[in-house]
Amino acid sequence: MPARDRDLLQRALTLAALGPLADPNPRVGAVITDPTGAIVGEGFHHGAGTPHAEVEALRAAGAAAAGGTAYVSLEPCNHTGRTGPCAQALLAAGIVRVVHAASDPNPSARGGAATLRAAGVEVASGETVAPDLAAAAEALNEAWGFAVTRHRPQVIWKYAATLDGRSAAADGTSQWITGPAARADVHDLRATAGAILVGTGTVLADDPQLTVRWPDGTLRDRQPLRVVVGRTEIPADARVRDTAAETLQLSGSPADVLAELQRRDIRRVWLEGGPRLAAAFWRAGLVDRTYAYLAPALLGAGATAIGDLGITTITGITRLQFGDVRRIGADLRLTLEPTPSAPAQPGSTTHPIGSAQEEAHVHRNR
């Protein structure tokens, strides 16, 4: 790939990263150059219902786009949703060449590159000419790509514990096991999710607010959907009923819950507590990543972060693989994923979850 093409495609990726962290649509950036190669327009997608990156860049370019090149972080879409197909917008503007970093994995939207080629536009794909930029583009939209190809939200399980695996003391107290740096890190990662998921027992015992906050405690502009799983009624004065964010109560199996959240355009779920809810998702094979925050401390007794997985012998152990290990302040954050061959644990995915009696309170860093 020519250096100029690479620089402009990288610029499109930089623009894409300015989009919302959690949104039903992917983060996309676009750069338009005129026939001489000068930049005449830029844009990025600001969120669901707003113009796509290509349209925003074309509007900035105006008539100067004719005969030019479009550099886009994701293959231009080929369908009509809330907005029209970007492939057709590029054709209407007279673009003669398109360079995109990653192909669109969405079955209902992909095909823009083929449409452009059929109309005589020269198209280059990052998978062929710049695999590293293609990988970077896919990483920008990891949760979105997962959801549109797997037809369910990506599930991230987060917990905090002492070195001896305790997430609360014997008397139920848990604030704070980890330090302020780890708690701030949790909120940064929580901000990438479309929903925060806990059980009714956690709400009754801990009364969490389930919001995304800055280190000084102030609310961030965008708040995930708060989802409480279980049939027990949430008290009217519970913090999850405040106006800081929307709250939804669901009942049913992990698969049922994820299906409903997928219908609501949630792409990533942040699973926090308690132990029975976490165990239910693990038994159903529906945990895709774990963030484990380990504090250099011991309790010796108290609650653990996860409940019964139905494992009765060492041969049934669930093993994970490391993705990252780093120190966050005084604590460690382990990033882990199930091994590719890890099966779902014994237990039905249709089993209801979340009763107050069964959902013990373990809900850290909120």
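For the structure, check the block above.
Note that this is a predicted model, so its numbers are computed, not measured.

Visitor: I tried to follow the overall build of the protein on my own but got confused; where do I start?
Guide: The secondary structure content of the protein amounts to eleven helices and 13 strands. Its C-alpha radius of gyration of 23 Å places the protein within 12% of the 21 Å reference for a compact globule of 366 residues. Taken over 366 residues, the protein has a buried fraction of 51%. For the protein, long-range pairs separated by at least 24 residues make up 73% of all intrachain contacts whose partners lie at least 6 apart in sequence. Entry remark: accessible area of the protein is about 15600 Å², with carbon and sulfur atoms responsible for 53%.

Visitor: Looking at this model, I keep getting lost on the sheet that holds strand S12 (residues 320–328). Mind explaining?
Guide: Hydrogen bonds between backbone atoms are what pair the strands of a sheet, whose relative direction is either parallel or antiparallel. The mixed open sheet is built from eight strands, whose spatial order is S9-S8-S7-S10-S6-S11-S13-S12. Each end of this open sheet is capped by a strand with a single partner; those strands are strand S9 (247–250) and S12. Between one strand and the next, the sheet's axes are offset by a mean angle of 25°, whatever the strand orientation. In this structure, S12 lies alongside strand S13 (residues 331–338), joined through eight bridges in antiparallel fashion. Bridge assignment links Val 325 to a residue of S13, and that residue is Leu 334.

Visitor: I would appreciate a short explanation of the packing of aromatic side chains in the present structure.
Guide: The geometry of an aromatic ring pair comes down to the distance between the two centres and the angle between the two planes. Going through the model one piece at a time under the given rule, you end up with three aromatic pairs. For the pair Trp 157 and Trp 282, a centre-to-centre distance of 6.1 Å together with 80° between the ring planes defines the contact as edge-to-face. Pair noted here: Trp 157 is in strand S6 (residues 154–162) and Trp 282 is in helix H11 (residues 275–283), with a separation of 125 residues, a long-range link. Considered together, Trp 157 and Trp 282 belong to a single accessibility category, that of buried residues. Taken together, the ring pairs in this structure connect Trp 157, Tyr 159 and Trp 282 into an aromatic cluster. Here Arg 220 stacks its cationic end above the ring of Trp 214, 4.0 Å away from the centre of that ring.

Visitor: Would you mind going over the packing of helix H1 (residues 3–16) against helix H6 (residues 131–140) with me for this structure?
Guide: Helix-helix packing is characterised by the crossing angle of the two axes and by the distance between the axes. With their axes 10 Å apart at the nearest point, H1 and H6 run at an angle of 10° to one another. Our classification of the angle between H1 and H6 gives roughly parallel. Across from Arg 6, Leu 9, Gln 10, Leu 13 and Ala 16 in H1, the residues of H6 making contact are Asp 132, Leu 133, Ala 136, Ala 137 and Leu 140. Of the residues belonging to the contact of H1 with H6, the class tally is seven nonpolar, one polar and two charged.

Visitor: Looking at this structure, I do not really get the pattern of salt bridges. What am I missing?
Guide: Oppositely charged side chains may form a pair once their charged atoms are brought near each other. In this structure the tally under the stated criterion is 18 salt bridges. Linking Arg 220 and Asp 188 is a salt bridge whose minimum nitrogen-to-oxygen distance equals 2.5 Å. Here Asp 188 lies in helix H8 (residues 180–190) and Arg 220 lies in the loop between helix H9 (200–206) and strand S8 (225–229), a separation of 32 residues in the sequence. Note on Asp 188: relative accessible area 39%, which makes it partly exposed. As a salt-bridge pair, Asp 242 and Arg 226 come within 2.9 Å of each other at their nearest N and O atoms. Here Asp 242 is found in the loop between S8 and S9, whereas its partner Arg 226 is found in strand S8, with 16 residues between them in sequence. Given a relative accessible area of 27%, Asp 242 falls into the partly exposed group. The class of Arg 226 is buried, set by a relative accessible area of 0%. Among the ionic contacts, a cluster of salt bridges with common partners joins Glu 142, Arg 268, Arg 289 and Glu 337.

How each quantity is defined
- Residues numbered from 1 in each chain as written.
- Predicted model: local features only at pLDDT ≥ 70, side-chain atom pairs only at ≥ 80, totals over all residues.
- Heavy atoms only, no water.
- Helix = DSSP H or I, 4+ residues; strand = E, 2+ residues; numbered from the N terminus.
- Rg over C-alpha atoms; globule rule 2.2 N^0.38 Å.
- Buried < 20%, exposed > 50% of the residue type's maximum accessible area, 1.4 Å probe, protein only.
- Contact = heavy atoms within 4.5 Å.
- Areas by Shrake-Rupley, 256 points an atom, 1.4 Å probe, with all protein chains shown as cover.
- Pairing = 2+ DSSP bridges.
- Axes fitted to C-alpha atoms, helices over the stretch in contact; angles between N-to-C directions.
- Phe/Tyr/Trp six-rings, centres within 6.5 Å; stacked < 30°, edge-to-face > 60°.
- Lys NZ or Arg CZ within 6 Å of the ring centre and 35° of its normal.
- Parallel < 35°, antiparallel > 145°, perpendicular 65-115°, else oblique.
- Nonpolar A, V, L, I, M, F, W, Y, C, P; charged D, E, K, R; others polar.
- Salt bridge = Lys/Arg side-chain N within 4 Å of Asp/Glu carboxyl O.

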